[in-house]
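# Summary of the model geometry
Chain by chain, the residues:
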Amino acid sequence: MNVLILSHYNPDGDALGASIAWAKMLEAGGHKTTCVVPNKFPYFLDWMPGVERIRIFTEHGDEIRAATAEADVIFFLDFNNISRLEGLSEAVAANTKAKKILIDHHLDPPEGYFDVSFSYPEASSTSFVVFRLISEMVGAEAIDRDMATVLYVGMMTDTGNFSYSNLTPELFRAVAVLVERGIDIPDINRQVYNSYSEGRVRLLSYALGPKMEIMEKGQAALISLKESELRRFHFRQGDSEGFVNYPLSIAGVKMSAMLLQNHKFIRISLRSRGEVDVNEFARKYFDGGGHRNAAGGKSTDSMEVTIERYKRAVKEFFSGSGTSQGK
Ligand code: 5GP
Ligand code: MN
């Protein structure tokens, strides 16, 4: 069968890890697979074994449109909201014959869109879901060292190096199997977390120094970066990865946002602690979604207007109007 494996805009370690491992499993079963993402992935994931099989829609549009039209089955990995395919969504909509299968860990999958759903919002990563599916379908023996490495990248990055919620015994049993395959954890850490450009580190200092604002009695934080500011630091995609987490290391800060401008719109990254639900916040105010403690959205307004909208939304959210989460 012709299988298309899709993942989301701004692909991350989990999107790539889950896609690559799933593709290899299907290929071992004799299927022809194409892995596609809407746009480029960060340079610090370039080293992942098998990453060369990931096709990027903004770079190979015609080829990807053709592969999409031919697909008998389309897997949707690590997202459940079709808008996260951005420019690719039209090509996907044009293929009406393919079976659509979801493998994901985001909240609230849409009803009626997928033919089959493997939706586990309580799972800490899609890579963990893929690990479980492979183990149950064909046995964990099918996972070789390269697959183990990319699955580990997905599990590691989506859990903040195994520090967020949903860290279950089953997750660590899965990691144990990956370790048995001979993965090199210190090397994976170095490649993902300590291979940044100088510009990225200087941009971080700028983002947290002059650009970080704290509001609502120290409960909420905001970092905003315009295109002109990014250019000053020779920004490459992925350079701002993780910035949004830093304000949460301040005692009392429960919610953090980063507004990142690109040539089309402003991407909003949201992170929170505990009961503060940024999935709800993103859905309500910024046409987005995600998980309770990590979500995102976008704005087509100017940076100034988006900042004002954020500040007003935070005020409303923390005053409790319209939500029970802002406490
Ligand atoms: P990030 O800040 O890392 O880009 O995204 C954090 C989480 O929010 C991700 O798990 C992602 O699924 C979700 N997310 C980010 N942007 C969007 C968006 O525009 N729409 C939806 N539904 N989810 C998003
Ligand atoms: Mn994920």
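Source: prediction; values computed, not measured. (Residues numbered from 1 in each chain as written. Chains lettered and ligands numbered in written order. Predicted model: local features only at pLDDT ≥ 70, side-chain atom pairs only at ≥ 80, totals over all residues. Heavy atoms only, no water.)

### What to know about the sheet that holds strand β11 (residues 289-290)
For the record, the criterion: Here the rule is simple: two strands pair whenever DSSP picks up at least two bridges between them. Put simply, DSSP H or I for four residues or longer makes a helix, DSSP E for two residues or longer makes a strand, and each gets a number counted from the N terminus.
Strands sit in the order β7-β8-β9-β10-β12-β11 across an open sheet of 6 strands; the sheet is mixed. Looking at the sheet topology across the chains shown, the edges are occupied by β7 (212-215) and β11. For strand β8 (residues 220-225) and strand β9 (residues 255-261), the ladder comprises 6 bridges, and the chain directions are parallel. Bridge pairing links Ala-220 to Met-255 in β9.

### Quick look at the domain arrangement of the protein
Filter applied, for reference: All the domain ranges listed were derived from an automatic or database domain assignment. The rule for a salt bridge is simple: a side-chain nitrogen of Lys or Arg has to be within 4 Å of a carboxyl oxygen of Asp or Glu. We define a polar contact as two N or O atoms separated by no more than 3.5 Å, with the added condition that, inside protein, one atom must be a possible hydrogen donor and the other a possible acceptor, whereas residues neighbouring each other in sequence contribute only through side-chain atom pairs. Basically, the charged four are Asp, Glu, Lys and Arg, the nonpolar ten are Ala, Val, Leu, Ile, Met, Phe, Trp, Tyr, Cys and Pro, and anything else, Gly included, counts as polar.
Parsing the protein into structural domains produces domain 1 (2-193) and domain 2 (198-319). Taking only C-alpha atoms, the centre of domain 1 and the centre of domain 2 are 26 Å apart. In this assembly, domain 1 and domain 2 are joined by 2 salt bridges. With a shortest N-O distance of 3.7 Å, Asp-108 and Arg-283 are connected by a salt bridge. Our enumeration of links across domain 1 and domain 2 arrives at 5 residue pairs in polar contact (both at pLDDT 80 or more). Partitioned by chemical class, the residues of the side of domain 1 that touches domain 2 number 7 nonpolar, 5 polar and 4 charged.

### Remarks on the sheet that holds strand β3 (residues 54-56)
Selection rule: Only the contacting stretch of a helix is used when fitting its axis, a line to C-alpha atoms as for every element, and angles between N-to-C directions run 0 to 180 degrees. Any two residues whose heavy atoms approach within 4.5 Å are treated as being in contact.
Spatially, the 6 strands line up as an open sheet ordered β3-β2-β1-β4-β5-β6, and their pairing is parallel. Sheet topology places β3 and β6 (116-119) at the edges, where each strand pairs with a single neighbour. This sheet shows a mean twist of 25 degrees between the axes of neighbouring strands, independent of strand direction. As paired elements, strand β5 (residues 99-104) and β6 share 4 bridges and run parallel to each other. What sits directly across from Ile-103, in β6, is Phe-118. Along the sheet face, helix α1 (residues 13-28) touches β1 (2-6), β2 (32-37), β3, β4 (73-77) and β5 and points at about 170 degrees away from the line of β2.

### Some details on the side chain of Asn-39
By the element assignment, Asn-39 lies in the loop between β2 and β3. Within the local environment of Asn-39, its side chain forms a polar contact with the backbone nitrogen of Asn-10, the two atoms lying 2.7 Å apart.

### What to know about the packing of helix α5 (residues 145-158) against helix α7 (residues 185-193)
Filter applied, for reference: The scheme is simple: roughly parallel for angles under 35 degrees, roughly antiparallel for over 145, roughly perpendicular for 65 to 115, oblique for anything else. By definition, turning the near helix anticlockwise from the far helix through less than a right angle yields a left-handed crossing, and turning it clockwise yields a right-handed one.
Packing of α5 against α7 brings their axes to within 11 Å, and their N-to-C directions diverge by 60 degrees. Here α5 is positioned oblique relative to α7, judged by the angle of their axes. In this structure, α5 meets α7 at a crossing whose hand is right-handed. From α5, Thr-149, Tyr-152, Val-153, Met-156 and Thr-157 reach across to α7, where they touch Ile-185, Ile-188, Asn-189, Val-192 and Tyr-193. Partitioned by chemical class, the residues of the contact of α5 with α7 number 7 nonpolar, 3 polar and no charged.

### Details of the packing of α1 against helix α4 (residues 126-137)
Between α1 and α4, whose axes approach to 8 Å, the crossing angle comes to 15 degrees. Taken together, the axis directions place α1 and α4 in an arrangement best described as roughly parallel. You can see that α1 and α4 cross each other, and the crossing is left-handed. From α1, Asp-14, Gly-17, Ala-18, Ala-21, Trp-22 and Met-25 reach across to α4, where they touch Thr-126, Ser-127, Val-130, Leu-133, Ile-134 and Met-137. Here the residues of the contact of α1 with α4 sort into 8 nonpolar, 3 polar and 1 charged.

### As for the site of ligand 1
Our working rule: Nearness is judged by heavy atoms alone; a residue qualifies as near a molecule or strand once a single heavy atom is within 4 Å of it.
Near ligand 1 lie 14 residues; those nearest to it are Arg-84, His-106, Arg-267, Ser-269 and Arg-271. Arg-271 is positioned such that a nitrogen or oxygen atom in its side chain is 2.9 Å from an oxygen atom of ligand 1. Gly-296 is positioned with one of its backbone polar atoms (N or O) 3.2 Å from an oxygen atom of ligand 1. Among the elements of the structure, β10 (266-272), β11 and β12 (294-299) are those that each provide at least two residues to the shell around ligand 1.

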